[in-house]
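Structural features, examined
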Amino acid sequence: MSNKVGHQTGPGRGGRREGAGRKAIDGVTIADTVLITARVTPEQRERFLDLGGSEWLRAIIDREFDKGV
């Protein structure tokens, strides 16, 4: 059986690979983070997203840690 023009039989482009995909706006990659989960109301979720989501939360945590709390 012959290959169709333009089709490869072996490994080619695509698939999961290191460094692929959209880059984070704030420079923090998935490899640099851990996942946390919190239960909030739908309204609180909207506020969280309006405030900046994960980037905002990391800034708040860093600010509080720097205060020595």
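Everything here concerns the structure above.
The structure reproduced in this document is the subject of the present report. Note that residues are indexed from 1 along each chain, following the sequence as it is written. Local features in this predicted model are restricted to residues of pLDDT 70 or higher, and side-chain atom pairs are both shown and tallied only at a pLDDT of 80 or more, whereas totals for entire chains, interfaces and linings draw on every residue. By convention in this description, side-chain values take in all heavy atoms of the structure and omit both hydrogens and water.

The next point concerns the packing of aromatic side chains. Any two of the Phe, Tyr and Trp rings considered here, Trp counted by its six-membered ring, make a pair once their centres fall within 6.5 Å; the pair's planes then place it as stacked at under 30 degrees, edge-to-face at over 60, or tilted in between. Throughout the structure, instances matching the rule amount to one aromatic pair. Ring centres 6.3 Å apart and planes at 75 degrees place the aromatic pair Phe48 and Trp56 in the edge-to-face group. For Phe48, a relative accessible area of 28% gives the class partly exposed. The cut-offs for exposure are 20% and 50% of the maximum accessible area for each residue type, with area from a 1.4 Å probe on protein chains only; residues under the lower value are buried, those over the upper are exposed, and the others partly exposed. Trp56 sits in the partly exposed class, given a relative accessible area of 29%.

Our focus in this paragraph is helix 2 (residues 53-67). When the terminal C-alpha atoms of helix 2 are compared, their 22 Å separation across 15 residues agrees well with the 21 Å that a helix rising 1.5 Å per residue should span. One or two residues past the end of helix 2 sits Gly68, with phi positive at roughly 90 degrees. Secondary structure counts use DSSP, requiring at least four H or I residues in a row for a helix and at least two E residues in a row for a strand, with both numbered from the N terminus. Expected span of a helix, by definition, is 1.5 Å for each gap between consecutive residues, and there is one gap fewer than residues.

Between side chains of opposite charge, a pair can form as their charged atoms come close. Here, a salt bridge means any side-chain nitrogen of Lys or Arg that lies within 4 Å of a carboxyl oxygen of Asp or Glu. Taken as a whole and judged by the stated rule, the model has three salt bridges. Here Arg63 ties to Glu64 by a salt bridge, and the two come within 3.3 Å at their closest N and O atoms. On the basis of relative accessibility, which here comes to 25%, the residue Glu64 falls in the partly exposed class. A salt bridge links Lys67 to Glu64; the nearest nitrogen and oxygen atoms lie 3.3 Å apart. With Lys67 and Glu64 both in helix 2 and three residues apart, this pair spans about one turn of that helix. Lys67 sits in the exposed class, given a relative accessible area of 56%. Taken together, the shared-partner salt bridges in this structure form one network comprising Arg63, Glu64 and Lys67.

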